[in-house]
Amino acid sequence: MTSEPGRGTTFRVLWPISNQAPDRRPSVQLESRSTPRTRTNGTVLLVEDEDVLRASIAKMLRKEGLTVIDVDNGDAAVNLFRDYQKEIDVILLDMTIPGTPSAAVVAEAGRLRPNAKLLLTSAYSREMVGPAAYAQQIRGFIRKPFEVRNLLSLIRKALSA
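One numbering rule holds for all chains: residues counted from 1, following each sequence as written. Per-residue local features are limited, in this predicted model, to residues with pLDDT of at least 70; the limit for side-chain atom pairs, both in listing and counting, is 80 or more; totals at the level of whole chains, interfaces and linings are taken over all residues. Hydrogens and water molecules were not included; the side-chain quantities draw on all heavy atoms of the structure.

Enquirer: What is the right way to look at the overall build of the protein in this model?
Expert: Per the secondary structure count, the protein includes 5 helices and 7 strands. Any two residues having at least one pair of non-hydrogen atoms within 4.5 Å are treated as being in contact. In the protein, once contacts between residues fewer than 6 apart in sequence are set aside, the share between residues at least 24 apart is 58%. Per-residue accessibility takes into account occlusion by the displayed protein chains alone, with areas from the Shrake-Rupley method and a 1.4 Å probe. Carbon and sulfur atoms provide 52% of the accessible area of the protein, an area that totals close to 11000 Å². Numbering of helices and strands runs from the N terminus, with a helix taken as a DSSP run of H or I at least four residues long and a strand as a DSSP run of E at least two residues long.

Right under this line is the structure:
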């Protein structure tokens, strides 16, 4: 090491020489799974007014094999379910959305198709959401923020019911 005021410091590092060639292969650790990953089939109508959240949930569900129709308000949800009720397997509905209120979306989905399957999501607890959270069509509730695996489990359960 040499150092001069106003000029800086110079370091010299000496490494020992090796007779072996460096291993240039990247170090990879594979995650082992005890069970094979299964994809989920079905069509989900996702009703969420927060754009970033809606886009990320839709992307995650599509990655798992689901078909996703996503809308940002209750009016669009009711119209789509009215037009495509036979194709939509599950409605994932945020409880605070613009347009037609979520409780009315639940009621209309039940009127159009009594065996409709709805999953509710909210930052509020299920008890705070009110009576709509306990309607006959409701197959589950998940509180925000949620983990992806918990949402997928709820969707799979609703699809198999």
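What follows continues from the structure just given.
Enquirer: How should the side chain of Asn73 be read in this particular structure?
Expert: Among the structural elements, Asn73 can be located in the loop between strand 4 (67-71) and helix 2 (74-84). Engagement of the side chain of Asn73 in a polar contact is seen with the side chain of Asp72, the distance being 2.8 Å. Engagement of the side chain of Asn73 in a polar contact is seen with the backbone nitrogen of Asp75, the distance being 3.0 Å. Residues in contact with Asn73, not counting those within four places in the same chain, are Val47, Ile97 and Pro98. Counting of polar contacts relies on pairs of N or O atoms within 3.5 Å, with two restrictions inside protein: one atom must be capable of donating a hydrogen and the other of accepting it, and residues adjacent in sequence are counted only when both atoms are side-chain atoms.

Enquirer: Quick question: what am I supposed to make of the sheet that holds strand 6 (residues 118-122) here?
Expert: Criterion used throughout: strands pair if DSSP finds at least two bridges between them. Ordered by their spatial adjacency, 5 strands build an open sheet running 4-3-5-6-7, and the pairing between neighbours is parallel. Looking along the sheet, the strands with just one partner apiece sit at the ends: strand 4 and strand 7 (138-143). Across the sheet, the axes of successive neighbouring strands diverge by a mean angle of 20 degrees, strand direction being ignored. An axis is simply a line fitted to the C-alpha atoms; with a helix, the fit covers only the stretch in contact. Between two such axes, the angle follows the N-to-C directions and lies from 0 to 180 degrees. Strands in contact with helix 5 (residues 148-160) are strand 3 (43-47), strand 5 (90-94), strand 6 and strand 7; relative to strand 7, the strand with the most contacts, it is inclined by about 175 degrees.

Enquirer: Explanation requested: the pattern of salt bridges in the structure shown.
Expert: A side chain with one charge may pair with a side chain of the opposite charge, provided their charged atoms come close. Think of a salt bridge as a Lys or Arg side-chain nitrogen and an Asp or Glu carboxyl oxygen that are within 4 Å of each other. Evaluated as defined, the whole model comprises 9 salt bridges. The salt bridge involving Arg54 is made with Asp70; its shortest N-O contact spans 3.3 Å. Here Arg54 is found in helix 1 (residues 51-63), whereas its partner Asp70 is found in strand 4, with 16 residues between them in sequence. Classification of Asp70 by relative accessible area gives partly exposed; the value is 31%. Ionic pairing is found between Arg156 and Glu64, a salt bridge with its closest N-O pair at 3.5 Å. In this pair, Arg156 sits in helix 5 while Glu64 sits in the loop between helix 1 and strand 4, placing the two residues 92 residues apart along the sequence. Remark: exposure states derive from per-residue accessible area (1.4 Å probe, protein chains only) relative to the maximum for the residue type, with buried under 20%, exposed over 50%, and partly exposed in between. On the basis of relative accessible area, Arg156 is assigned to the partly exposed category, the value being 31%.

Enquirer: Is there a simple way to explain unusual backbone geometry in this structure?
Expert: Note: most residues except glycine have negative phi, and most peptide bonds are trans. Cis rather than trans, the peptide bond between Lys144 and Pro145 has omega equal to -10 degrees. Structurally, Pro145 can be placed in the loop between strand 7 and helix 5.

Enquirer: Where do I start with the packing of helix 1 against helix 5 in this structure?
Expert: Geometrically, a packed helix pair is captured by the angle between its two axes and the distance between the axes. Their axes nearest at 11 Å, the elements helix 1 and helix 5 cross at an angle of 65 degrees. The hand of the helix 1/helix 5 crossing is right-handed. Between helix 1 and helix 5, the contacting residues are Ile57, Met60 and Leu61 on the first element and Val148, Leu151, Leu152 and Ile155 on the second. Think of it as three bins: nonpolar holds Ala, Val, Leu, Ile, Met, Phe, Trp, Tyr, Cys and Pro, charged holds Asp, Glu, Lys and Arg, and polar takes everything else, Gly as well. Tallied by class, residues from the contact of helix 1 with helix 5 come to 7 nonpolar, no polar and no charged. Each helix crossing is assigned a hand: it is left-handed if the near helix lies turned anticlockwise from the far helix by less than a right angle, otherwise right-handed if that turn is clockwise.

Enquirer: I'm lost on the pairing of strand 3 in this one. Help?
Expert: Every regular strand shows the same layout, with side chains that alternate between the two sheet faces. Buried residues dominate strand 3, accounting for 5 of its 5 residues. Relative to strand 4, strand 3 is paired through 5 bridges, and the arrangement is parallel. Bridge pairing links Leu46 to Asp70 in strand 4. The definition of a right-handed crossover adopted here requires that, viewed with the strands pointing away, the path from the first strand over the helix to the second runs clockwise. For the crossover from strand 3 across helix 1 to strand 4, the handedness is right-handed. The pairing of strand 3 with strand 5 spans 4 bridges and is classified as parallel. The residue of strand 5 that forms the bridge with Leu45 is Ile91.

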